[in-house]
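Survey of secondary and tertiary structure
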Amino acid sequence: MGRIFITGSTDGLGRASAETLMQEGHEVVLHARSADRAAAVAALAARSGGMVIGDLSRASDTRAIAEQVNAIGRMDAVIHNAGVYMQPSRAATPEGHAATLAINTLAPYLLTALIERPRRLIYLSSGLHRGGEGSLRDIDWVSRRWDPAQAYAESKLHLAALAALLASRWPDVLSNAVDPGWVRTKMGGPSAPVDLATGQQTQSWLAGSLDPAAMTSGGYWHRRQQQTPAAEVSDPAFQDRLVAKLTDLTGVALP
């Protein structure tokens, strides 16, 4: 059984994955945005392998999250689950970044760079990533007119491309991206067609299963089946430009 860290695991898909993996016997390290959010899931935390706290919209908090995770010990898997959707404005973070970019792209990148390298990495993308073309032009929405749907699509393209790049760059790590579908969560809303149990299934399987099908790298997955993502995802030139942008924005390079 493995030790697995899940960002954004106090509710929604993150919590569903945490509960599934705990039931399977894994040691799950939880993440909450604040102490209040952590206290609200005290019963779940009591069964976990630890709780780390920090706001992913803040670079200082994201660095602190990485330090807390590393203090617990090496993870076997990390599920980059946390994210935001349809933010009504650019909503600059303390570092001046668009909040959607900071939470959905920069935070997973920083955690990837700063957490001791696990055996498996899973990034939650979205089928909407296919609308994220051209996302490296004004990546931080400094000069463009704010478009919440486009910003979300771009951030999910970033994650899928990052997962693909790491599958190539870090051959000792199984790195994959997952489209969980449109799931009935606070983010997805009550009319979404996919239930939580189905929505969490693929990322939980990739994080903890010894099924040979789950122990592959470089895939873009939906309902435990590999799919073909947008062309940029597997384009080395796009991947390299993306990582160069993220390195510049965060001041941190991938090891």
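The rules behind each value
- Residues numbered from 1 in each chain as written.
- Predicted model: local features only at pLDDT ≥ 70, side-chain atom pairs only at ≥ 80, totals over all residues.
- Heavy atoms only, no water.
- Core = buried A, V, L, I, M, F, W, Y, C linked by side-chain atoms within 4.5 Å.
- Buried < 20%, exposed > 50% of the residue type's maximum accessible area, 1.4 Å probe, protein only.
- Helix = DSSP H or I, 4+ residues; strand = E, 2+ residues; numbered from the N terminus.
- 1 Å grid on protein atoms, 1.4 Å probe; cavity = no way out; pocket = protein on both sides within 12 Å on 5 of 7 lines; lining within 4 Å.
- Points joined across faces, edges and corners; volume = space filled by probe spheres on them.
- Nonpolar A, V, L, I, M, F, W, Y, C, P; charged D, E, K, R; others polar.
- Contact = heavy atoms within 4.5 Å.
- Pairing = 2+ DSSP bridges.
- Axes fitted to C-alpha atoms, helices over the stretch in contact; angles between N-to-C directions.
- Patch = residues over 30% accessible without salt bridge, like charges linked within 9 Å, V, L, I, M, F, W, Y side chains within 5 Å.
- Areas by Shrake-Rupley, 256 points an atom, 1.4 Å probe, with all protein chains shown as cover.
- Salt bridge = Lys/Arg side-chain N within 4 Å of Asp/Glu carboxyl O.
- Expected span 1.5 Å × (residues − 1).
- Arc of directions from axis to C-beta.

A word on the nonpolar core
Residues F5, L166 and L254 are the most contacted members of the largest nonpolar core, which totals 49 residues. Looking at this core, the elements that each hand over two or more residues are α4 (59-72), α5 (99-114), β5 (120-124), α6 (148-169) and α9 (236-250). With 10 residues, the top contributor of residues to this core is α6. One finds L21, V178, W205 and L206 within the second-largest nonpolar core, a separate group that totals 22 residues.

Looking at the layout of surface pockets
Of the voids in this model, the largest pocket is the one considered here, and its volume is about 960 Å³. Around the largest pocket, the lining is made up of 38 residues, and of these N81, G83, V84, T185 and M187 lie nearest the centre. Broken down by secondary-structure element, the contributors of at least two residues to the lining of the largest pocket are α1 (12-23), β2 (27-32) and α6. Residue composition of the lining of the largest pocket, by class: 14 nonpolar, 17 polar and seven charged. One number sums up the size of the second largest pocket: a volume of about 200 Å³. In terms of lining, the second largest pocket is formed by 13 residues, of which the most central are D76, R120, A207, G208 and L210.

Overview of the side chain of T250
Within the secondary structure layout, T250 lies in helix α9. With a relative accessible area of 14%, T250 lands in the buried category. The contact partners of T250, leaving out residues within four places of it in the chain, are R63, L106, Y109 and L110.

Overview of the sheet that holds strand β8 (residues 225-226)
Read across the open sheet, the eight strands follow the order β3-β2-β1-β4-β5-β6-β7-β8; overall the sheet is mixed. Among the strands making up the open sheet, the edge pair consists of β3 (50-53) and β8. Both β2 and β3 contribute to a ladder of four bridges, which runs parallel. In the sheet register, A32 faces β3, and the bridge partner there is I53. Along the sheet, α4 makes contact with β1 (3-6), β2 and β3, crossing β3 at roughly 160°. Packing of helix α8 (residues 201-208) onto the sheet brings it into contact with β1, β4 (77-80), β5, β6 (174-178) and β7 (220-222), and relative to β5 it is tilted by some 170°.

Thoughts on a nonpolar patch on the surface
Among the surface-exposed residues, Y85, M86, L128 and M187 lie close enough to one another that they form a single nonpolar patch of about 360 Å² accessible area. Note on placement: L128 falls in the loop between β5 and α6. Overall, L128 belongs to the partly exposed group, its relative accessible area being 47%.

Notes on α1
Along its 12 residues, α1 runs 17 Å from first to last C-alpha, staying within 8% of the 16 Å computed at 1.5 Å per residue. Following α1 by one or two positions, G25 adopts a phi angle in the positive range, close to 100°.

What to know about the pattern of salt bridges
If you walk through the whole model with that rule in mind, you get 10 salt bridges. One salt bridge in this structure joins D138 and R144, with 3.7 Å as the shortest N-O distance. A relative accessible area of 26% means that R144 is categorised as partly exposed. Through salt bridges with shared partners, a single network forms among D138, R144 and E154.

Re α4
Look at α4: 20 Å from first C-alpha to last across 14 residues, which is about the 20 Å you get at 1.5 Å a residue. Listed as buried for α4 are T62, I65, A66 and V69. Seen end-on, α4 carries its buried residues on one side only, within an arc spanning 95°. Opposite its buried face, α4 presents the exposed residues E67 and A71, each directed more than 90 degrees away. Buried residues along α4 sit in contact with β1, β2, β3 and α5. Positive backbone phi, approximately 135°, marks G73, located one or two places after α4.

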